[in-house]
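Fold and geometry: a report
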Amino acid sequence: MNVVVCAKLVPTGTPTLGPDHLVVRSGTDAALDPGDEYGLELALQLTEQHGGDVTVVSMGPDEAGQAIQRALAMGASRGVLVSDPSLRGADALVTARVLAAAIGMYPFDLVVAGVESTDGYTGTVPVTVAEILGIASVTAVRRLEPSDAGARIERMTERGYDVYECPLPAVVTVTAGSVEPRFPSLKGIMQAKQKPVDRPSLQDLGSRDLTATQTVTAVTDAPTKAGGEVVQGDEAVGRIVELLAEAKVI
Amino acid sequence: MAGAWVFAEITRDGPHPAAFELLAHARSFDDDPTAIALGQGATEAAAELGAHGAATVYACDDPVFAEHPGRPAAHVLAGLIEAEAPDVVLFAQTYDSRDVAGRLQGSIGSALMGNATSIADPRHARAEIFGGTKIVDVELAGPAPTLILLRPKSIAAEPTGGTARVVPLEADVPEDIRGARIVERHEESASGPRLEDAKVVLAGGRGLGGPDAFAMLDELASVIGGAAVGASRAAVDAGWVPYSYQIGQTGKTVKPDVYLAAGISGALQHVVGMKGAKRIVAINKDADAPLLAMADLGVVGDLFQVLPALTEEIRRRKGS
Ligand SMILES: Cc1cc2nc3c(=O)[nH]c(=O)nc-3n(C[C@H](O)[C@H](O)[C@H](O)COP(=O)(O)OP(=O)(O)OC[C@H]3O[C@@H](n4cnc5c(N)ncnc54)[C@H](O)[C@@H]3O)c2cc1C
Ligand SMILES: Cc1cc2nc3c(=O)[nH]c(=O)nc-3n(C[C@H](O)[C@H](O)[C@H](O)COP(=O)(O)OP(=O)(O)OC[C@H]3O[C@@H](n4cnc5c(N)ncnc54)[C@H](O)[C@@H]3O)c2cc1C
């Protein structure tokens with residue numbers, strides 16, 4: 001089973017917006033999105049058990065190469081970095097179009113992504129990729145095993161989980177906590193440097209229509225809630241009871 | 001006036017409560033919004049949708065939408081959009097609706113905005129980003145309709161007492177685009193009020209140390225009466241409580257009269273799901289925990305002492 005994993009570079013800590021209202025992505029500390037490590041781990045386990053390779057695809061500034069290096073050190077075989085100045089400020093649609101075109105250049109049975117990114121958390125890019133590729137998708141996945149029909153997949157729901165039969169190829173998004181991402185070993189880190197990283201140009205991808213449809217016109221701080229009283233030890237119970245009584249819930 | 005459509009998610013228990021909020025959002029700029037209800041129970045839901053301001057409801061009760069979540073709904077919506085040319089389609093920021101919106105964006109190539117909290121018109125909306133710390137005003141370009149996902153509980157539902165014109169729809173979904181199919185469902189039985197509806201929410205975090213300590217919150221909930229128990233993602237990821245308990249960016253949004261957190265630090269992604277509570281109580285042994293700083297009442301102390309003592313005290317008061 002060949003798996004393509006979508007991996008995003010995200011700022012570590014709280015991201016900031018520049019004067020152009022775009023996220024500052026260059027010159028800030030950034031790392032592979034922790035949310036993408038679960039999908040990567042699932043992909044590595046699948047290929048270890050069933051054969052095949054893991055290819056990691058990222059769209060981002062040159063620094064996104066770091067996210068790819070980490071994924072290669074964890075065990076992926078190949079990296080694909082799409083980086084072009086015109087992609088700065090890309091919106092969800094542009095991102096999905098670029099990712100779909102890049103993924104389409106490689107053989108795959110499964111595309112794995114995060115449920116939502118840590119910085120943007122729109123949470124729609126993977127299904128949009130699936131639609132562009134014209135394939136099935138299941139989101140919020142916590143387990144996946146190959147089956148006769150393609151894959152047997154458990155998807156988290158509000159009250160439990162549903163089991164899906166899913167034809168392959170397909171796109172899945174993997175929830176946090178579903179697997180325990182491995183740490184790259186020293187050997188893995190060394191080997192990663194030898195692994196291929198392709199850098200297709202937008203021309204290679206043949207993507208058209210890469211104008212963002214979303215513009216931020218103003219940014220303001222959300223009102224922060226001022227704290228109230230802080231109490232310790234013995235006083236605590238009495239004060240909580242008073243508050244509950246004031247709220248008329250006891 | 002701008003043609004606003006609302007994608008009214010039909011769940012196994014009827015219309016998702018967020019559908020009524022979406023109608024309130026839509027009515028802020030369109031007096032006669034249209035709702036699209038797809039799935040078993042859609043026609044029945046039309047009355048309630050009408051009573052919340054939907055002038056027209058397109059309804060289809062075909063089981064295909066529940067069996068194959070996402071793709072068939074996006075397919076039917078795309079067809080309807082081509083025929084009727086609305087200006088905007090509103091979705092709730094839930095996992096299921098989000099999947100429909102993402103699919104739809106792939107097929108019609110419109111702008112999609114996530115995490116919106118209010119909408120001015122089909123091309124202008126406002127969203128909270130970075131865990132709810134910044135508010136951005138966004139302008140949307142591209143072909144109509146724009147697709148806007150609104151966070152649940154950003155506005156209250158408003159009954160209008162209206163009646164909707166119901167337009168039955170045929171589900172014409174070719175076999176080869178149905179995609180993944182649900183073959184089994186597993187549901188934990190739920191007791192007590194829904195987390196989103198409860199007047200009091202008691203939430204536990206990593207500080208509870210394990211699943212057993214949640215029993216303290218359950219007991220406190222039953223002593224208070226009508227309280228629901230929730231959790232941080234750390235407690236959910238650890239497997240102590242099911243995902244249905246999760247409050248925050250990737251979980252539920254709650255706005256109770258009282259929110260009491262025990263052993264929760266107050267990460268941005270948690271706060272975004274509970275900061276609308278009328279009164280916030282936080283119990284934490286670390287005086288520097290961020291949640292203490294925004295709580296109406298912060299308790300610096302050990303939850304293993306405070307919670308049982310609190311339960312006892314309320315029991316004593318109620319008994320007397
Ligand atoms: C705070 C914030 C809010 C934004 N909101 C919107 C919005 O509402 N609408 C909009 O059109 N644009 C928005 N943007 C612009 C944003 O840059 C794009 O939407 C972005 O390209 C993808 O959105 P996401 O990270 O939210 O993706 P999500 O849909 O949350 O990403 C889910 C998964 O897709 C994969 N993925 C996403 N992006 C990449 C990538 N570049 N490379 C590899 N894999 C990737 C990852 O596996 C990720 O876990 C926002 C940006 C920020 C910073
Ligand atoms: C993309 C993304 C989405 C996320 N979505 C969510 C979400 O929806 N909801 C969510 O909650 N989180 C979410 N998170 C995770 C979030 O960032 C935090 O990691 C999480 O909220 C921490 O949970 P916690 O407060 O229980 O644990 P911790 O941060 O570990 O805090 C535990 C607290 O318990 C206190 N404590 C320990 N023992 C005791 C004691 N005996 N008595 C009193 N206090 C004690 C400690 O002092 C500490 O403050 C998300 C993260 C990401 C990246």
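Residues numbered from 1 in each chain as written. Chains lettered and ligands numbered in written order. Predicted model: local features only at pLDDT ≥ 70, side-chain atom pairs only at ≥ 80, totals over all residues. Heavy atoms only, no water.

1. Regarding the environment of B:G3
Residue and element names in this part refer to chain B. Operational definition: Helix and strand labels come from DSSP, where a helix needs a run of H or I of at least four residues and a strand needs a run of E of at least two; each type is numbered from the N terminus. Only protein chains enter the accessibility calculation, which uses a 1.4 Å probe; a residue is then buried when its area is under 20% of its type maximum, exposed when over 50%, and partly exposed in between. Here, residues are in contact when the closest pair of their heavy atoms is within 4.5 Å.
One can find G3 in the segment before β1 (4-11). For G3, a relative accessible area of 23% puts it in the partly exposed group. The spacing of G3 and V89 is 86 residues in sequence and 8.7 Å in space, taken between C-alpha atoms. Once residues lying within four places of it in the same chain are set aside, the contact partners of G3 are D30, P86, D87 and V88.

2. Considerations on the interface of chain B and chain A
To keep things clear, this is the line we draw: Once two parts are put together, the accessible area they lose, assessed with a 1.4 Å probe and summed over both, is termed the buried area. Within this document, salt bridges are pairs made up of a side-chain nitrogen of Lys or Arg and a carboxyl oxygen of Asp or Glu, the two lying within 4 Å of each other. By the criterion applied in these results, polar contacts are pairs of N or O atoms within 3.5 Å in which, for protein atoms, one can donate a hydrogen and the other can accept it, and in which residues neighboring in sequence qualify only through two side-chain atoms.
Tallying the contact residues gives 84 residues for chain B and 76 residues for chain A. It is B:R103, B:F130 and B:L297 that lose the most area in chain B upon contact with chain A, and together they represent 10% of the buried surface on that side. Seen at the junction of chain B and chain A, the total is 11 salt bridges. In this structure, the salt-bridge partner of B:D13 is A:R159, at a minimum N-O distance of 2.5 Å. For the interface between chain B and chain A, the tally reads 35 residue pairs in polar contact (both at pLDDT 80 or more). Take the side of chain B that touches chain A: its biggest share by element is nine residues, from helix α5 (residues 95-108) of chain B.

3. As for the domain arrangement of chain B
Residue and element names in this part refer to chain B. As a reminder, the rule being used: An automatic or database domain assignment is the source of the domain bounds shown. Ten residue types, Ala, Val, Leu, Ile, Met, Phe, Trp, Tyr, Cys and Pro, are classed as nonpolar, four, Asp, Glu, Lys and Arg, as charged, and the remainder, Gly among them, as polar.
Along its sequence, chain B is organised into domain 1 (4-177) and domain 2 (200-319). Its C-alpha centre places domain 1 at a distance of 32 Å from the equivalent point of domain 2. Residue-level contacts link 10 residues of domain 1 with nine residues of domain 2. Of the roughly 780 Å² buried between domain 1 and domain 2 on both sides combined, carbon and sulfur atoms contribute 45%. Counting the surface domain 1 buries against domain 2, the share from its top three residues, G131, R151 and K153, is 59%. Here E128 ties to K275 by a salt bridge, and the two come within 3.2 Å at their closest N and O atoms. The tally of links from domain 1 across to domain 2 stands at three residue pairs in polar contact (both at pLDDT 80 or more). Tallied by class, residues from the side of domain 1 that touches domain 2 come to three nonpolar, four polar and three charged.

4. Focus on the packing of aromatic side chains
Any pair of aromatic rings gets described here by the distance separating the centres and the angle formed by the planes. What counts is decided by this rule: Here is the rule: rings of Phe, Tyr and Trp (six-membered ring for Trp) pair when centre to centre is within 6.5 Å. Planes less than 30 degrees apart are stacked, more than 60 are edge-to-face, and the remainder are tilted. The rule for a charge over a ring is simple: NZ of Lys or CZ of Arg within 6 Å of the ring centre, and within 35 degrees of the ring normal.
A complete count under the given rule lists four aromatic pairs over all chains for this structure. Residues B:F7 and B:F91 carry aromatic rings whose centres are separated by 5.4 Å and whose planes lie at 35° to one another, so their mutual orientation is tilted. Linking B:F7 in strand β1 with B:F91 in strand β5 (residues 88-92), this pair joins segments that are 84 residues apart in sequence. Lying across the ring of A:Y161, A:R142 places its NZ or CZ 4.0 Å from the centre.

5. Notes on unusual backbone geometry
Along the chain, A:L168 connects to A:P169 via a cis peptide bond; the corresponding omega equals 0°. With omega at -5°, the peptide bond leading from B:A144 into B:P145 counts as cis. Here B:P145 is to be found in the loop between β8 (134-140) and β9 (146-150). Even without being glycine, A:Y121 reaches a positive phi, approximately 35°. Look at A:Y121 and you get buried, because its relative accessible area is 3%. Positive phi, close to 50°, is recorded for B:F130, a residue that is not glycine. Structurally, the position occupied by B:F130 is in the loop between β7 (124-129) and β8. You can call B:F130 buried: its relative accessible area is 6%.

6. Brief notes about the packing of helix α4 (residues 71-84) of chain B against α5(B)
All names here are of chain B. As a reminder of what qualifies: With axes taken as lines fitted to C-alpha atoms, and helix axes fitted only over the stretch in contact, angles between N-to-C directions fall between 0 and 180 degrees. Put simply, angles under 35 degrees are roughly parallel, angles over 145 are roughly antiparallel, angles from 65 to 115 are roughly perpendicular, and the rest are oblique. By convention, the crossing between two helices is left-handed when the near helix turns anticlockwise from the far helix through less than a right angle, and right-handed when the turn is clockwise.
Axis separation between α4 and α5 bottoms out at 8 Å; the angle between their running directions is 50°. With respect to each other, α4 and α5 are oriented oblique. The handedness of the crossing between α4 and α5 comes out as right-handed. Facing α4, whose interface residues are R71, A73, A74, L77, A78 and I81, α5 presents V100, R103, L104, S107 and I108. Split into classes, the residues belonging to the contact of α4 with α5 amount to eight nonpolar, one polar and two charged.

7. Quick word on the site of ligand 1
The line we're drawing: Here, proximity means that at least one heavy atom of the residue falls within 4 Å of the molecule or strand.
Around ligand 1, the surrounding shell holds 31 residues, and the nearest of these are A:K8, A:D36, A:T95, A:S117 and A:T122. The local environment of ligand 1 is shared, drawing residues from chains A and B. The backbone of A:G114 places a nitrogen or oxygen atom 2.9 Å from an oxygen atom of ligand 1. Among the secondary structure elements, those contributing two or more residues to the shell around ligand 1 are β4 (54-59), α3 (92-103), β6 (110-114) and α4 (125-133) of chain A together with β6 (112-121) of chain B. For the shell around ligand 1, the per-class residue count stands at 16 nonpolar, 10 polar and five charged.

8. Some points on α4(B)
Residues and elements named next belong to chain B. The following threshold applies: What a helix is expected to span follows from its residue count: subtract one and scale by 1.5 Å.
Taking 1.5 Å as the rise per residue, α4 with 14 residues should run 20 Å; its terminal C-alpha atoms sit 20 Å apart, in good agreement. Looking only at α4, the buried set comprises R71, P72, A73, A74, V76, L77, A78, L80 and I81. A85 sits one or two residues past α4 and shows a positive phi near 50°.

9. Description of the sheet that holds strand β12 (residues 200-204) of chain B
Using the following cut-off: When DSSP finds two or more bridges between a pair of strands, those strands are recorded as paired.
Taken together, six strands build an open sheet; the order of strands is β13(A)-β16(B)-β15(B)-β14(B)-β12(B)-β13(B) and the sheet is parallel. The sheet is open, and its two borders are formed by β13 (229-232) of chain A together with β13 (227-231) of chain B, each paired with just one other strand. Taken over all neighbouring pairs, the strand axes of this sheet differ in orientation by 20° on average, direction set aside. The pairing of β13(A) with strand β16 (residues 297-300) of chain B spans four bridges and is classified as parallel. Its bridge partner being in β16(B), A:E229 is matched across the sheet by B:L297.

10. Considering the site of ligand 2
Around ligand 2, the structure places 26 residues, and the nearest of them are B:R206, B:S232, B:T250, B:S265 and B:Q269. Looking at the residues close to ligand 2, they fall on chains A and B. B:Q249 has a polar backbone atom sitting 3.1 Å from an oxygen atom of ligand 2. A distance of 2.6 Å separates a nitrogen atom of ligand 2 from a polar atom in the side chain of B:T250.

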